[in-house]
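Listed below are the residues making up each chain.
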Amino acid sequence: MNLPANFPLKKVMITVVSVVIVIALIITGVTVAVNGKAANATVDVEQVSNISTQYWGDQSSTYGNATSDFVQELYPDKEKAISKIFVKEGDTVKIGDTLLQYDTTKLQLKVESKELEEKKKKYELEQAEKELTKLQNTPPYVEPVIPEPEPEPTPTPVPESQAELYTEITEHSKPFKGAGTEKDPYVFLCTEDAVLTKGFLLKLLGVTDPRATPTPTPTPTPSAEPTAQPSEVPTAAPQPTVTPEPTAKPTTAPTEAPTPAPPIEPTEAPTPAPIEPTEAPTVSGMAWFKQMTFTKTNETGGESVPTPEPDFTLPDGPFVARFEVHEQDNENLPLVKGWQMDGDKISAGFFNEVISEPDDIQMPDLSYADPGISYDTGGSMYTAEELQQMIADKKQQIQDLKLNVKQAAHDLEKAKLDLENATIKSTVNGVVKSLTDLDTAMSTSSPFLVVSGGDGFYITASLNESLLGKVHVGDTVMASSWENGQMYEAEIVQISDFPNDNSNFYYDGSSNPNSSTYQFTARIADADGLKNGMGLDITLKAASDNASNAIYLFKAYIRSDDGGKYILKVGDDNRVHKTYIKTGKTIYNQYLEIKSDTLTEEDYVAFPYGTSAIDGAKANGMEENTDENDGIDARRLDA
């Protein structure tokens, strides 16, 4: 904010301080109002023990009969080896006396074997579930749609080559285009193994060949210059002979005719001293340089024959030339390689220089590669119907494997029970009626040890195999008689190791009717009103994995907010405070398990709904143990 130069800073400070004070007063007022409301509010509370319950496991019902002449019978077991028998025939025994001991070594091995079998069944189930997931995520096979074949494109006709192909480039080689400048160099079509002659290089560099200078013919003296004819021997014309000075005696006789001078034969033109080229580059050592003469010599050693005049001769340089190798030796097809030479800038490194494809050369694309056809089969080789059937089969397999896992767990639990119950004790007060050898008992399918009891009443009933391991010897069951309407408490004294042949008397509707049942016996301590053979309804309490002293609070006293589930619990100041809790399972559809240690049955909580159910409200309805004299709250003294 821009303030005028003459704006007093003191006024700004006063304004800011005033705003802060107003905000603080508002916050303080709200806080005081809330605290005042909480301080004046009163909320009713209940003790946890009155609105909670405990859970000790599921209940199961069965049916049995009361008997007064219960007999304990022990049959031989092929899977168990007896290590010691503690009684003999005729001995008197009481409930709890040891009758015999099985060998625990074999039983322990059996437990380990059953553990391995259970792990194997669980692994098979796990693999089957993974395979099912894979099948469910597999897309079905889709018949590929084969596209109509595209017609073959008509190839672009390639014009015939108009340039001359060179394997040797001389000063008479004619480029097929270009002006010899750096921007528009001469372009020659050549083969990959083409060579450059010395004459071409001299033209490129602008160096004059000394052999190209005409040689003057010497004039013979003192005769007149004969006209030399290459093909004939010239005949000298007669020349006048110079007359010497006359002597004293003149000669009167005529003199002889002068002898003509022998004809002057033409001599070879003297070879002039070579003229050193001006600033000629060093080109020795290059394999593809070829020495080239301008005249050819007869094979017989005769005279030289002048070379015919060529149709074309490159101009004297320096100039720029480019040499290109094209596909099929056609300048209209793509460039394969090339190099460029500049007569002004030539260097030893130009031989390896490969130039890029010129922009002005049109390269027709003659590559017609077949792109092929892509077939999308949906990622699977199975049709939708096949996948559906495979998924159904796999689900059935998983159901069978689940039953196998349950059976393996049951067999393991039974093996553990056998190991735990390796010591067999008497379940009745009576006498050892018979004791025979195992072989005889096994051959006759009869018990090898029989204990007959004669006092008290017993209940004989059965339980479902799902309760094995949850119901134990020593547990208490409740029995009720339809005939006299009385309730009886009985203690389980024996659970059979073998399933019953039939389960007609077992009517627990919550159990699997296809599962096995096992007979158990319970002794009734107070049997008043019972008669031999009287029918009884029996209730068993199966121990739960969560059976403990956990508190199950009535769900109406639990509320939730963004912080989680909480209760209004009375604190040491006799006011309720929001206390967050951890919850577990729900039982009877009304109670919720309190898993945290923040609540006991002696605590008090408030109903967390209503205008007075606020944090800090005063608790009303707590039981007060007050002293008769001063009325002091004993609960607060304990705190």
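Everything below is about the structure printed above this text.
What you see is a predicted model, and the numbers here were worked out from it, not measured in a lab.

Asker: Even after reading the chapter, I still don't get the overall build of the protein chain, so can you show me in this structure?
Answerer: Assigned secondary structure in the protein chain consists of 6 helices and 28 strands. Going through the 639 residues of the protein chain one by one, you find that 30% of them count as buried. Excluding contacts between residues fewer than 6 apart, the proportion of contacts in the protein chain whose partners are at least 24 apart in sequence is 75%. Of the roughly 42600 Å² that the protein chain leaves accessible, carbon and sulfur atoms contribute 52%.

Asker: What is the right way to look at helix α3 (residues 198-205) in this model?
Answerer: Residues that lie three or four places apart on an α-helix share one face, since the helix turns once every 3.6 residues. The element α3 is largely enclosed, with a buried count of 7 among its 8 residues. For α3, every residue scored as buried is listed here: G199, F200, L201, L202, K203, L204 and L205.

Asker: Is there a simple way to explain the packing of aromatic side chains in this structure?
Answerer: The relation between two aromatic rings is expressed through the spacing of the ring centres and the mutual angle of the planes. Inspection of the entire model under this criterion finds 11 aromatic pairs. With a centroid separation of 5.9 Å and an interplanar angle of 65 degrees, the aromatic rings of Y566 and Y580 are classed as edge-to-face. Highlighted residues: Y566 in strand β23 (residues 564-570) and Y580 in strand β24 (residues 576-580), separated in sequence by 14 residues. For Y566, a relative accessible area of 8% gives the class buried. Judged by its relative accessible area of 38%, Y580 falls in the partly exposed class. By the ring-pair criterion, three or more aromatic residues cluster together here, those being Y166, Y186, F188, F200, F319, F323 and W339. For K80, the ring lying beneath its charged end belongs to Y102, and the centroid distance is 5.0 Å. In this structure, K578 is placed above the aromatic ring of Y566, and the distance from its NZ or CZ to the ring centre is 4.7 Å.

Asker: Could you clarify how one ought to interpret the nonpolar core in this entry?
Answerer: Burial of nonpolar side chains together is a common tendency in soluble globular proteins. By size, the foremost hydrophobic cluster in this structure holds 25 residues, and its most contacted members are L463, F520, I524, L530 and I538. Sorting the residues of this core by element identifies β16 (457-464), β17 (476-481), β18 (487-499), β19 (517-524) and β20 (535-541) as the ones contributing at least two each.

Asker: Whenever I open this one, the environment of F319 confuses me. Can you help?
Answerer: Relative to the elements of secondary structure, F319 occurs in the loop between β10 (289-290) and β11 (320-326). Judged by relative accessible area, F319 falls into the buried class, the value being 5%. Placed 25 residues apart in sequence, F319 and D344 show a C-alpha to C-alpha distance of 7.3 Å. Excluding residues within four positions of it along the chain, F319 makes contact with G180, Y186, F200, K203, L204, L314, M341, D342 and G343.

Asker: Quick question: what am I supposed to make of helix α2 (residues 104-136) here?
Answerer: End to end, α2 covers 48 Å across 33 residues, agreeing with the expected 48 Å (1.5 Å per residue, within 8%). Residues of α2 that are buried: L107, K110, V111, E118, K121, L125, A128, L132 and L135.

Asker: Teacher, can you tell me more about the environment of L468 here?
Answerer: Relative to the elements of secondary structure, L468 occurs in the loop between β16 and β17. Judged by its relative accessible area of 12%, L468 is buried. Counting along the chain gives 55 residues from L468 to E413, while the straight-line C-alpha distance between them is 7.5 Å. When sequence neighbours within four positions are dropped, the list of residues in contact with L468 reads H410, E413, L417, L463, I495 and Y518.

Asker: Help me understand the sheet that holds strand β26 (residues 591-594) in this model?
Answerer: Think of a sheet as strands paired side by side through backbone hydrogen bonds, with each pair either parallel or antiparallel. Across the sheet, 4 strands lie side by side as β2-β21-β26-β25; this open sheet has antiparallel pairing. Among the strands making up the open sheet, the edge pair consists of β2 (52-53) and β25 (583-587). Looking at chain direction, strand β21 (residues 551-554) and β26 are connected through 4 bridges and run antiparallel. Within β26, the position partnered with I551 by the bridge is I594.

Asker: In this structure, what is going on with the pairing of β11? I would like to understand it.
Answerer: On a regular strand, one side chain projects to one face of the sheet and the next to the other, so that they alternate. Of all 7 residues that make up β11, 7 are buried, and the element is covered over most of its length. The alternating pattern of β11 places V320, R322, E324 and H326 and A321, F323 and V325 on opposite faces, both of which are buried. Pairing analysis gives 4 bridges linking strand β9 (residues 186-197) to β11, with the strands arranged parallel. Across the sheet, the residue bridging to V187 is R322, located in β11. Where β11 meets strand β12 (residues 335-342), 7 bridges bridge the pair, whose relative direction is antiparallel. Looking at the pairing, V325 lines up with K337 of β12.

Basis of the calculations
- Residues numbered from 1 in each chain as written.
- Predicted model: local features only at pLDDT ≥ 70, side-chain atom pairs only at ≥ 80, totals over all residues.
- Heavy atoms only, no water.
- Helix = DSSP H or I, 4+ residues; strand = E, 2+ residues; numbered from the N terminus.
- Buried < 20%, exposed > 50% of the residue type's maximum accessible area, 1.4 Å probe, protein only.
- Contact = heavy atoms within 4.5 Å.
- Areas by Shrake-Rupley, 256 points an atom, 1.4 Å probe, with all protein chains shown as cover.
- Phe/Tyr/Trp six-rings, centres within 6.5 Å; stacked < 30°, edge-to-face > 60°.
- Lys NZ or Arg CZ within 6 Å of the ring centre and 35° of its normal.
- Core = buried A, V, L, I, M, F, W, Y, C linked by side-chain atoms within 4.5 Å.
- Expected span 1.5 Å × (residues − 1).
- Pairing = 2+ DSSP bridges.

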